Amino acid sequence: MKGLPLVLLPGMLCDEFCWRDQVRALSDIADCTVADFGERDSFDDMADDVLRAAPPRFALASHSMGGRVAFEIVRRAPDRVALLGLFGTAYTANGPQEAAYRHVMLDTAKQHGMRGLGEEWVKRMVHPDRLSDKSLVNSIVDMVDRRTFKLLQSQVHASMMRRDQTDLLPLIACPTLVLCGRQDAARPLPAHEEMAAAIPDSTLVVIENCGHMCMLERPDEVSRAMRRWLGRQQ
(Lines give C-alpha, C1' and ligand atoms only; values in the text may rest on other atoms or scores of the structure.)
Protein backbone atom coordinates (compact mmCIF):
# COMPACT_ATOMS: atom_id res chain seq x y z
CA MET A 1 0.00 0.00 0.00
CA LYS A 2 1.40 3.39 -0.97
CA GLY A 3 1.69 6.19 1.53
CA LEU A 4 1.93 9.92 1.04
CA PRO A 5 2.70 11.40 -2.37
CA LEU A 6 6.38 12.28 -2.70
CA VAL A 7 7.37 15.57 -4.35
CA LEU A 8 11.01 15.72 -5.49
CA LEU A 9 12.83 19.00 -6.05
CA PRO A 10 15.89 18.99 -8.33
CA GLY A 11 18.96 21.15 -7.89
CA MET A 12 20.45 23.80 -10.13
CA LEU A 13 20.64 22.79 -13.80
CA CYS A 14 19.06 19.43 -12.98
CA ASP A 15 15.87 17.85 -14.29
CA GLU A 16 13.87 14.72 -13.53
CA PHE A 17 16.84 12.56 -14.53
CA CYS A 18 18.62 13.31 -11.25
CA TRP A 19 15.82 11.54 -9.33
CA ARG A 20 15.38 8.69 -11.83
CA ASP A 21 16.77 5.94 -9.62
CA GLN A 22 14.82 6.99 -6.54
CA VAL A 23 11.54 7.18 -8.48
CA ARG A 24 12.12 3.61 -9.63
CA ALA A 25 13.27 2.30 -6.26
CA LEU A 26 10.43 3.87 -4.28
CA SER A 27 7.58 3.35 -6.74
CA ASP A 28 6.13 0.57 -4.58
CA ILE A 29 5.59 2.88 -1.60
CA ALA A 30 5.24 6.39 -3.04
CA ASP A 31 3.70 8.17 -6.00
CA CYS A 32 6.59 10.40 -7.06
CA THR A 33 6.45 13.72 -8.87
CA VAL A 34 9.55 15.68 -9.91
CA ALA A 35 9.00 19.44 -9.92
CA ASP A 36 9.97 21.59 -12.89
CA PHE A 37 10.87 25.16 -11.91
CA GLY A 38 10.85 26.40 -15.48
CA GLU A 39 12.62 29.73 -15.79
CA ARG A 40 11.41 31.15 -12.48
CA ASP A 41 14.03 33.48 -11.04
CA SER A 42 13.09 33.44 -7.35
CA PHE A 43 12.69 30.69 -4.79
CA ASP A 44 9.45 32.33 -3.66
CA ASP A 45 7.92 31.85 -7.10
CA MET A 46 9.29 28.31 -7.39
CA ALA A 47 7.78 27.41 -4.01
CA ASP A 48 4.41 28.90 -4.95
CA ASP A 49 4.38 26.87 -8.19
CA VAL A 50 5.18 23.64 -6.35
CA LEU A 51 2.47 24.25 -3.77
CA ARG A 52 -0.14 24.98 -6.43
CA ALA A 53 0.60 21.66 -8.14
CA ALA A 54 1.12 19.54 -5.02
CA PRO A 55 -1.52 17.47 -3.22
CA PRO A 56 -2.92 18.74 0.10
CA ARG A 57 -0.34 16.81 2.14
CA PHE A 58 2.89 15.27 0.89
CA ALA A 59 6.45 14.21 1.60
CA LEU A 60 9.05 16.59 0.17
CA ALA A 61 12.62 15.67 -0.79
CA SER A 62 15.06 18.16 -2.22
CA HIS A 63 18.59 18.37 -3.52
CA SER A 64 20.97 21.35 -3.53
CA MET A 65 19.13 24.40 -4.91
CA GLY A 66 15.91 22.47 -4.48
CA GLY A 67 16.52 22.55 -0.74
CA ARG A 68 16.20 26.34 -0.75
CA VAL A 69 12.86 25.96 -2.49
CA ALA A 70 11.89 23.36 0.12
CA PHE A 71 12.60 25.86 2.91
CA GLU A 72 10.26 28.36 1.27
CA ILE A 73 7.57 25.69 0.94
CA VAL A 74 7.85 24.80 4.63
CA ARG A 75 7.81 28.49 5.55
CA ARG A 76 4.56 28.95 3.61
CA ALA A 77 2.73 25.69 4.32
CA PRO A 78 4.26 23.76 7.23
CA ASP A 79 1.09 21.74 7.80
CA ARG A 80 1.14 20.37 4.25
CA VAL A 81 4.68 18.94 4.47
CA ALA A 82 4.52 15.65 6.37
CA LEU A 83 8.17 14.68 5.83
CA LEU A 84 11.11 16.79 4.70
CA GLY A 85 14.32 15.69 2.98
CA LEU A 86 17.28 18.06 2.56
CA PHE A 87 20.13 16.62 0.49
CA GLY A 88 23.37 18.43 -0.30
CA THR A 89 21.91 21.86 0.40
CA ALA A 90 22.54 25.01 2.40
CA TYR A 91 20.43 27.19 4.67
CA THR A 92 22.48 30.39 4.83
CA ALA A 93 22.29 33.42 2.55
CA ASN A 94 24.49 33.89 -0.48
CA GLY A 95 28.11 34.77 0.35
CA PRO A 96 30.86 36.49 -1.69
CA GLN A 97 32.69 33.25 -2.52
CA GLU A 98 29.54 31.63 -3.87
CA ALA A 99 28.60 34.79 -5.75
CA ALA A 100 31.98 34.76 -7.50
CA TYR A 101 31.50 31.10 -8.45
CA ARG A 102 28.07 31.84 -9.93
CA HIS A 103 29.57 34.56 -12.12
CA VAL A 104 32.18 32.08 -13.32
CA MET A 105 29.38 29.69 -14.27
CA LEU A 106 27.66 32.38 -16.31
CA ASP A 107 30.89 33.39 -18.04
CA THR A 108 31.73 29.77 -18.85
CA ALA A 109 28.28 29.18 -20.35
CA LYS A 110 28.56 32.36 -22.43
CA GLN A 111 31.93 31.36 -23.82
CA HIS A 112 31.52 27.61 -24.19
CA GLY A 113 27.79 26.93 -24.19
CA MET A 114 25.79 24.84 -21.75
CA ARG A 115 27.63 21.65 -22.64
CA GLY A 116 30.96 23.36 -22.03
CA LEU A 117 29.66 24.54 -18.67
CA GLY A 118 28.53 21.00 -17.84
CA GLU A 119 31.96 19.60 -18.62
CA GLU A 120 33.55 21.99 -16.14
CA TRP A 121 30.75 21.92 -13.56
CA VAL A 122 30.73 18.14 -13.21
CA LYS A 123 34.33 18.18 -11.96
CA ARG A 124 33.13 19.81 -8.74
CA MET A 125 29.90 17.85 -8.52
CA VAL A 126 31.07 14.25 -8.11
CA HIS A 127 33.59 12.38 -6.02
CA PRO A 128 37.04 12.67 -7.68
CA ASP A 129 37.23 8.89 -8.09
CA ARG A 130 34.03 8.96 -10.18
CA LEU A 131 35.36 11.33 -12.82
CA SER A 132 36.66 8.29 -14.70
CA ASP A 133 33.11 6.86 -14.80
CA LYS A 134 32.22 8.09 -18.28
CA SER A 135 28.62 6.90 -18.08
CA LEU A 136 27.98 8.91 -14.91
CA VAL A 137 29.88 11.98 -16.06
CA ASN A 138 28.29 12.02 -19.51
CA SER A 139 24.81 11.64 -18.06
CA ILE A 140 25.35 14.73 -15.90
CA VAL A 141 26.85 16.73 -18.77
CA ASP A 142 23.92 15.69 -20.98
CA MET A 143 21.50 16.90 -18.30
CA VAL A 144 23.16 20.32 -18.15
CA ASP A 145 23.17 20.47 -21.95
CA ARG A 146 19.37 20.04 -21.90
CA ARG A 147 19.03 23.28 -19.93
CA THR A 148 19.16 26.78 -21.41
CA PHE A 149 21.28 29.82 -20.68
CA LYS A 150 18.10 31.71 -19.72
CA LEU A 151 17.30 29.05 -17.13
CA LEU A 152 20.84 29.28 -15.77
CA GLN A 153 20.52 33.05 -15.45
CA SER A 154 17.21 32.67 -13.62
CA GLN A 155 18.52 30.07 -11.19
CA VAL A 156 21.69 32.03 -10.50
CA HIS A 157 19.57 35.12 -9.77
CA ALA A 158 17.38 33.12 -7.38
CA SER A 159 20.45 31.72 -5.61
CA MET A 160 22.06 35.14 -5.26
CA MET A 161 18.88 36.61 -3.74
CA ARG A 162 17.96 33.77 -1.39
CA ARG A 163 17.15 34.44 2.23
CA ASP A 164 18.96 33.06 5.26
CA GLN A 165 16.86 30.24 6.73
CA THR A 166 18.58 29.98 10.13
CA ASP A 167 15.44 31.18 11.90
CA LEU A 168 13.31 28.53 10.19
CA LEU A 169 15.33 25.46 11.18
CA PRO A 170 14.14 25.15 14.82
CA LEU A 171 10.55 25.63 13.65
CA ILE A 172 10.55 22.63 11.31
CA ALA A 173 8.27 20.16 13.07
CA CYS A 174 8.09 17.22 10.66
CA PRO A 175 10.56 14.31 10.56
CA THR A 176 13.48 15.53 8.47
CA LEU A 177 16.18 13.60 6.66
CA VAL A 178 19.40 15.58 6.24
CA LEU A 179 21.64 13.73 3.80
CA CYS A 180 25.10 14.53 2.46
CA GLY A 181 27.93 12.86 0.57
CA ARG A 182 30.99 12.75 2.78
CA GLN A 183 33.13 14.24 0.01
CA ASP A 184 30.58 16.83 -1.14
CA ALA A 185 32.79 19.73 -2.24
CA ALA A 186 29.87 22.01 -3.14
CA ARG A 187 27.96 21.64 0.15
CA PRO A 188 30.37 20.18 2.74
CA LEU A 189 29.34 17.88 5.55
CA PRO A 190 29.91 20.29 8.50
CA ALA A 191 27.09 22.54 7.28
CA HIS A 192 24.76 19.54 7.20
CA GLU A 193 25.77 18.60 10.72
CA GLU A 194 24.88 22.12 11.84
CA MET A 195 21.58 21.97 9.98
CA ALA A 196 20.62 18.62 11.47
CA ALA A 197 21.50 19.84 14.96
CA ALA A 198 19.18 22.83 14.55
CA ILE A 199 16.14 20.89 13.27
CA PRO A 200 14.33 19.25 16.20
CA ASP A 201 13.23 15.94 14.62
CA SER A 202 16.05 15.29 12.17
CA THR A 203 18.21 12.37 11.13
CA LEU A 204 21.62 12.91 9.53
CA VAL A 205 22.74 10.35 6.95
CA VAL A 206 26.24 10.54 5.47
CA ILE A 207 26.83 8.69 2.21
CA GLU A 208 30.38 7.39 2.03
CA ASN A 209 32.64 7.83 -1.01
CA CYS A 210 30.18 10.30 -2.49
CA GLY A 211 30.26 13.86 -3.79
CA HIS A 212 27.48 16.36 -4.40
CA MET A 213 25.39 14.40 -6.91
CA CYS A 214 24.46 11.79 -4.32
CA MET A 215 21.29 10.47 -6.00
CA LEU A 216 23.24 9.60 -9.16
CA GLU A 217 26.54 8.63 -7.56
CA ARG A 218 25.13 6.34 -4.85
CA PRO A 219 21.52 5.69 -5.83
CA ASP A 220 21.02 2.55 -3.77
CA GLU A 221 22.29 4.10 -0.54
CA VAL A 222 20.17 7.22 -1.06
CA SER A 223 17.07 5.18 -1.87
CA ARG A 224 17.51 3.03 1.24
CA ALA A 225 17.79 6.12 3.41
CA MET A 226 14.67 7.56 1.79
CA ARG A 227 12.74 4.34 2.30
CA ARG A 228 13.49 4.46 6.03
CA TRP A 229 12.50 8.13 6.11
CA LEU A 230 9.24 7.50 4.26
CA GLY A 231 8.47 4.83 6.84
CA ARG A 232 8.12 7.58 9.43
CA GLN A 233 5.01 9.08 7.88
CA GLN A 234 1.98 9.13 10.12
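Quick caveat: nothing in here was measured; it's all calculated off a predicted structure.

*Asks:* I'd like a description of the pattern of salt bridges, backed by residues and values.
*Replies:* Going through the model one piece at a time under the given rule, you end up with 20 salt bridges. Close ionic contact of Arg-163 with Glu-72 constitutes a salt bridge, the shortest N to O distance being 2.8 Å. With Arg-163 in the loop between α6 (149–160) and β5 (176–181) and Glu-72 in helix α3 (residues 65–76), this pair connects stretches of sequence that are 91 residues apart. We classify Arg-163 as partly exposed; its relative accessible area is 36%. Look at Glu-72 and you get buried, because its relative accessible area is 3%. Measuring nitrogen to oxygen at the nearest pair gives 3.3 Å for the salt bridge that ties Asp-145 to Arg-115. Remark: Arg-115 occurs in helix α4 (residues 96–125) and Asp-145 occurs in helix α5 (residues 134–145); sequence separation between them is 30 residues. Using a relative accessible area of 31% as the deciding quantity, one classes Arg-115 as partly exposed.

*Asks:* Just give me the short version of the nonpolar core, but keep the residues and values in it.
*Replies:* The biggest cluster of nonpolar side chains holds 79 residues, and the ones touching the most others in it are Leu-6, Leu-9, Leu-13, Ile-73 and Met-226. Ignoring sequence-local partners within four residues, the contact set of Leu-13 consists of Met-105, Met-114, Leu-117, Trp-121, Met-143, Val-144, Arg-147, Leu-151, Leu-152 and Gln-155.

*Asks:* Could you give me a rundown of the pairing of strand β4 (residues 81–87), with the residues and numbers involved?
*Replies:* Taken across its seven residues, β4 has seven buried, putting it largely inside the fold. Strand direction decides the pairing type here: strand β3 (residues 58–63) and β4, joined by six bridges, are parallel. Residue Leu-60 lies in a different strand from β4, and its bridge partner there is Leu-84. For the handedness criterion, the β-α-β arrangement of β3, α3 and β4 is classed as right-handed. With four bridges joining them, β4 and β5 adopt parallel strand pairing. Following the sheet pairing, Leu-84 is matched in β5 by Thr-176.

*Asks:* So what's going on with α5? Residues and values would help.
*Replies:* Relative to the 16 Å expected for twelve residues at 1.5 Å per residue, α5 spans 16 Å between its end C-alpha atoms, a close match to the ideal helical length. On its buried face, α5 sits against α4 and α8 (214–217).

*Asks:* Could you give an account of the packing of aromatic side chains, naming the residues involved and the relevant values?
*Replies:* Counted under the stated rule, the structure contains one aromatic pair. A centroid spacing of 5.9 Å and a plane angle of 50° characterise the contact between Trp-19 and Phe-87, whose relative ring orientation is tilted. Of this pair, Trp-19 sits in the loop between β1 (6–9) and α1 (20–25) while Phe-87 sits in strand β4, and the two are 68 residues apart along the sequence. You'll find Trp-19 and Phe-87 in the same group, each marked buried. Looking at Arg-124, its charged tip hangs above the ring of Tyr-101, at a distance of 4.3 Å from the centre.

Thresholds applied
- Residues numbered from 1 in each chain as written.
- Predicted model: local features only at pLDDT ≥ 70, side-chain atom pairs only at ≥ 80, totals over all residues.
- Heavy atoms only, no water.
- Salt bridge = Lys/Arg side-chain N within 4 Å of Asp/Glu carboxyl O.
- Helix = DSSP H or I, 4+ residues; strand = E, 2+ residues; numbered from the N terminus.
- Buried < 20%, exposed > 50% of the residue type's maximum accessible area, 1.4 Å probe, protein only.
- Core = buried A, V, L, I, M, F, W, Y, C linked by side-chain atoms within 4.5 Å.
- Contact = heavy atoms within 4.5 Å.
- Pairing = 2+ DSSP bridges.
- Right-handed = clockwise from strand over helix to strand, strands pointing away.
- Expected span 1.5 Å × (residues − 1).
- Phe/Tyr/Trp six-rings, centres within 6.5 Å; stacked < 30°, edge-to-face > 60°.
- Lys NZ or Arg CZ within 6 Å of the ring centre and 35° of its normal.

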